[in-house]
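Spelled out, the chains give:
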Amino acid sequence: MIPLGLIRSRFFTHTPYRLMHVVTSLCNARCIMCDQWKKSPEQINDLSLEEIIKMLENAKKAGIFIYTAWGGEPLLRKDLHLILKYAKKLNFITSIITNGYYLKKRCDELMPYIDSLVVSIDSNDDLHDKMRGINGIKDKAIEGIKICSKYKTKITINSVICKMNVDKIDGLVKLSDELSVPINFQPMDVFGEYNEKYRLTEEDFKKILTKILTYKKAGYNILNSYQYLNIAFKKNHFCCHAPKCIISVDANGNIIHFINALDKKWGNVKTDSFKDIFNSKEFKQFLKESEKCNKCRYSCVIEISLAYSLNPRYLIERIISSRFSYL
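Residues numbered from 1 in each chain as written. Predicted model: local features only at pLDDT ≥ 70, side-chain atom pairs only at ≥ 80, totals over all residues. Heavy atoms only, no water.

J.: Can you tell me about the nonpolar core, naming the residues and giving the values?
T.: Ranked by size, the top nonpolar core spans 86 residues in total, and within it Met55, Leu56, Tyr67 and Phe274 carry the most contacts. Counting 13 residues, the second-largest nonpolar core is a separate cluster that includes Ala29, Cys31, Leu127 and Val160. (Core = buried A, V, L, I, M, F, W, Y, C linked by side-chain atoms within 4.5 Å. Buried < 20%, exposed > 50% of the residue type's maximum accessible area, 1.4 Å probe, protein only.)

Okay, structure coming up:
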């Protein structure tokens, strides 16, 4: 069924309902396609547990009902279980995005408070370790998934696709099938000069989409929707509703947009209210203007926009599969 929170946001409040929170800027990986680990020295300014509790209460009052912890590497935060426990106390739907290195160690401590677990794996061989800059991370992530599978938590593999792993789709789909865990493919976010050389060519991207579609039609557990694959392949226009759905908070408490290209700070959770920001004329104008932007092909942006717009074909597919991961 369609979550009532989505209906409330879509037709009544018109404000974000999902909070993406960088619980720490610390990261044990050195990913070639992401520069977030370079912010690790800033971890001394991470919000305290008390500040995060206040933020969660603030978010709840503003109508937010989904809380996602990521980083950095969220499992490096020792009190993460306490954060998630409090989020569940407030009836948030909770999720974590992790590289999986510490999953085995923290599984039993965290899983009781997590509704959805997203584990990053970019290749089903040694290339993944090379891309993530840490030896043994693939095996640890897979081992962690197997251990966490004993819980009712929904688990997803997320694969970031760039020029380095364009030929690894077959192995990733095979891994997904072996683990009985759905997989989502996400084109790499480009951070200027840092990872520009790994950007997918148009030809490579279309080949990847075609292969993913073939596997999906064959019955493999591909999370990307048919609607997304069609829009991304044909570069069709869509109305971007992502800013209406998601708001982000960085490790220092700054309230920002979850797309890195939009360098805009709306305030800080230490001093500002989500509700006040959402009700401001500037924020409402920003949401209106964002509808005109449909250049990106990120699955997270397009899928959540399709869900928010209540696209009939998208909703039918999701209802049949009972998977609303992009809400």
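There's more to say after this.
J.: Give a description of the pattern of salt bridges that names residues and reports values.
T.: With the rule as written, the count across this model stands at 17 salt bridges. For arginine 297, the salt bridge identified is with glutamate 202, shortest N-O distance 2.7 Å. In this pair, arginine 297 sits in the loop between helix H12 (281-290) and helix H13 (299-308) while glutamate 202 sits in helix H8 (residues 202-217), placing the two residues 95 residues apart along the sequence. Glutamate 202 sits in the partly exposed class, given a relative accessible area of 33%. Salt-bridge contacts for lysine 292 lead to glutamate 289; the nearest nitrogen and oxygen are separated by 3.3 Å. What makes glutamate 289 partly exposed here is its relative accessible area of 39%. (Salt bridge = Lys/Arg side-chain N within 4 Å of Asp/Glu carboxyl O. Helix = DSSP H or I, 4+ residues; strand = E, 2+ residues; numbered from the N terminus.)

J.: Lay out the environment of cysteine 148 with the relevant residues and their values.
T.: Note that cysteine 148 resides in helix H6 (residues 137-148). Here the alpha-carbon distance between cysteine 148 and glutamate 73, two residues 75 residues apart in the chain, equals 17 Å. Here cysteine 148 is in contact with Leu103, Cys107, Met111, Leu117 and Ile155, once residues within four sequence places are set aside. (Contact = heavy atoms within 4.5 Å.)

J.: So what's going on with the side chain of threonine 15? Residues and values would help.
T.: As for its placement among the helices and strands, threonine 15 is situated in the loop between helix H1 (4-13) and strand S1 (18-24). A distance of 3.2 Å separates a polar atom in the side chain of threonine 15 from a polar atom in the side chain of threonine 13. (Polar contact = N/O pair within 3.5 Å; in protein donor to acceptor, adjacent residues only side chain to side chain.)

J.: Give a detailed account of the pairing of strand S5 (residues 154-161), specifying residues and quantitative values.
T.: Among the eight residues that make up S5, seven are buried, leaving the element largely enclosed by the rest of the structure. Sheet analysis places strand S4 (residues 116-120) next to S5, joined by five bridges and oriented parallel. Residue serine 116 lies in a different strand from S5, and its bridge partner there is lysine 154. Sheet topology note: the S5/strand S6 (residues 183-187) ladder contains five bridges and is parallel. Pairing of serine 159 across the sheet is with phenylalanine 185, part of S6. In this fold, the crossover linking S5 to S6 by way of helix H7 (residues 169-179) has right-handed handedness. (Pairing = 2+ DSSP bridges. Right-handed = clockwise from strand over helix to strand, strands pointing away.)

J.: Explain unusual backbone geometry to me, and be specific about the residues and the numbers.
T.: Leaving glycine aside, a negative phi is the common case for residues, and trans is the common case for peptide bonds. For histidine 14, which is not glycine, the phi torsion reads 55° and is therefore positive. Position of histidine 14 among the secondary structure elements: in the loop between H1 and S1. On the basis of relative accessibility, which here comes to 40%, the residue histidine 14 falls in the partly exposed class. Residues other than glycine seldom take positive phi values, yet asparagine 91 does so here, at roughly 70°. Along the chain, asparagine 91 turns up in the loop between helix H3 (80-89) and strand S3 (93-98).

J.: Can you lay out the side chain of serine 9 for me, pointing to particular residues and giving the numbers?
T.: Position of serine 9 among the secondary structure elements: in helix H1. Classification of serine 9 by relative accessible area gives buried; the value is 3%.

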